[in-house]
Amino acid sequence: MLLRSCSFWVLVLVSFTVNVGEMQSSQKPFRASDLHLEADEKTVVRFFYQPALGDYFHAPLVFSVVQEGNPLLNTAPMREAGRTAYISLSEMREMLQSLKRSDIVWEESGDTVTLGSYKKLPLLDEMEILIASSTGMARTRVAPKTICGTLKPLDLALKTPRALWEFQRFQLNYGCKVPGFKYDAYPDH
């Protein structure tokens with residue numbers, strides 16, 4: 001009986017030590033969950049997918065927050081991080097709410113990240129959605145066959161005409177249906 005009791009406590013101690021060691025070696029681990037991040041003025045969302053059999057490079061689409069009245073609002077220049085569509089904070093909040101309502105499982109971390117060059121992104125067999133804010137980051141992957149169903153509900157979050165146009169054009173790149181899309185609306189694309 002005493003041997004069993006001692007064995008039990010040794011196992012508890014070893015288990016506790018291993019768990020503490022893992023927590024220390026990985027300061028802010030990712031955890032799979034629903035999306036908990038909230039949008040703020042520094043929030044960006046990046047969508048990226050390069051099909052393996054694609055005949056051209058698909059640049060990432062990045063949404064970034066600017067204040068109402070900022071001249072960048074309703075623009076979408078090509079930046080180092082990708083095609084960057086500028087939207088209002090209320091649109092970003094609605095986009096995150098739409099993503100929260102989806103059935104996507106997210107990996108979240110308290111780490112903050114800045115987007116680097118799109119030229120250094122790894123090519124994956126799924127679409128990656130990355131959210132970066134001042135309080136942390138979240139990422140997920142979307143299987144190619146579910147891209148259209150995942151992205152379409154996000155159209156409703158976008159009120160800025162250029163941002164919506166860029167997002168719908170992005171969807172067209174993956175075979176999604178966008179009725180009434182006007183290809184020539186923004187010839188500077």
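The rules behind these values
Residues numbered from 1 in each chain as written. Predicted model: local features only at pLDDT ≥ 70, side-chain atom pairs only at ≥ 80, totals over all residues. Heavy atoms only, no water. Phe/Tyr/Trp six-rings, centres within 6.5 Å; stacked < 30°, edge-to-face > 60°. Helix = DSSP H or I, 4+ residues; strand = E, 2+ residues; numbered from the N terminus. Buried < 20%, exposed > 50% of the residue type's maximum accessible area, 1.4 Å probe, protein only. Pairing = 2+ DSSP bridges. 1 Å grid on protein atoms, 1.4 Å probe; cavity = no way out; pocket = protein on both sides within 12 Å on 5 of 7 lines; lining within 4 Å. Points joined across faces, edges and corners; volume = space filled by probe spheres on them. Nonpolar A, V, L, I, M, F, W, Y, C, P; charged D, E, K, R; others polar. Core = buried A, V, L, I, M, F, W, Y, C linked by side-chain atoms within 4.5 Å. Contact = heavy atoms within 4.5 Å. Salt bridge = Lys/Arg side-chain N within 4 Å of Asp/Glu carboxyl O.

This structure, assessed with the given rule, holds nine aromatic pairs. The interplanar angle of 20 degrees and the centroid separation of 5.4 Å between the aromatic rings of Trp165 and Phe181 together place this pair among those described as stacked. Within this pair, whereas Trp165 is found in helix 4 (residues 161-172), its partner Phe181 is found in the segment after helix 4, the two being separated by 16 residues in sequence. Taking relative accessible area as the criterion, Trp165 reaches 6% and is therefore assigned buried. On the numbers, 4.9 Å between centres and 85 degrees between planes, the contact of Phe181 with Tyr183 is edge-to-face. Among the residues examined, Phe181 registers a relative accessible area of 13% and is labelled buried.

Here we come to the pairing of strand 2 (residues 44-48). Within strand 2, five of the five residues are buried, which leaves the element mostly enclosed by the surrounding structure. Of the two faces of strand 2, both are covered, the one formed by Val44, Arg46 and Phe48 as well as the one formed by Val45 and Phe47. One ladder, built from four bridges, connects strand 2 with strand 3 (residues 61-65); its direction is antiparallel. Bridge pairing links Val44 to Ser64 in strand 3.

Glancing now at the layout of surface pockets. When its volume is computed, the largest pocket comes out at roughly 190 Å³. In terms of lining residues, the largest pocket is bounded by 13 residues, among which Ala59, Arg83, Arg169, Asn173 and His189 are the most central. Looking at the lining of the largest pocket residue by residue, the class counts come to seven nonpolar, three polar and three charged.

The next thing to look at is the environment of Val65. With respect to the helices and strands, Val65 occurs in strand 3. Val65 sits 24 residues away from Glu41 along the chain, and the two C-alpha atoms are 5.8 Å apart.

What follows deals with the nonpolar core. Taken as a class, soluble globular proteins show a tendency for nonpolar side chains to be buried jointly. Judged by nonpolar contacts, the single largest core of 34 residues is most densely connected at Phe47, Phe63, Met95, Leu99, Met127 and Ile131. Per element, the largest residue contribution to this core is five residues, and it comes from helix 2 (residues 89-101). Contacts of Phe63, omitting those with residues within four sequence positions, involve Thr43, Val44, Val45, Phe47, Ala85, Ile87, Met92, Met95, Leu158, Ala163 and Phe167.

With phi around 75 degrees, Asn74 is a residue other than glycine that occupies positive phi space. If you trace the backbone, Asn74 turns up in the loop between strand 3 and strand 4 (78-79).

Taken as a whole and judged by the stated rule, the model has six salt bridges. With a shortest N-O distance of 3.4 Å, Arg46 and Glu128 are connected by a salt bridge. Taken together, the residues Arg46 in strand 2 and Glu128 in strand 7 (residues 127-133) connect sequence positions 82 residues apart. Since its relative accessible area comes to 10%, Glu128 is described here as buried. The partner of Arg101 in a salt bridge is Glu94, and the shortest N-O contact between them spans 3.0 Å. Taking the relative accessible area as the measure of exposure, Arg101 reaches 58% and is therefore exposed. Classification of Glu94 by relative accessible area gives partly exposed; the value is 30%.

Another aspect to go through is the pairing of strand 7. Most of strand 7 sits inside the fold, with seven of its seven residues counted as buried. Of the two faces of strand 7, the one lined by Met127, Ile129, Ile131 and Ser133 and the one lined by Glu128, Leu130 and Ala132 are each fully buried. Where strand 2 lies against strand 7, five bridges are found, and the strand directions are antiparallel. Residue Phe47 lies in a different strand from strand 7, and its bridge partner there is Ile129. Where strand 7 and strand 8 (residues 136-142) come together, seven bridges link them in antiparallel fashion. Residue pairing for strand 8: Met127 is matched across the bridge by Val142. The loop that links strand 7 with its antiparallel partner strand 8 comprises two residues.

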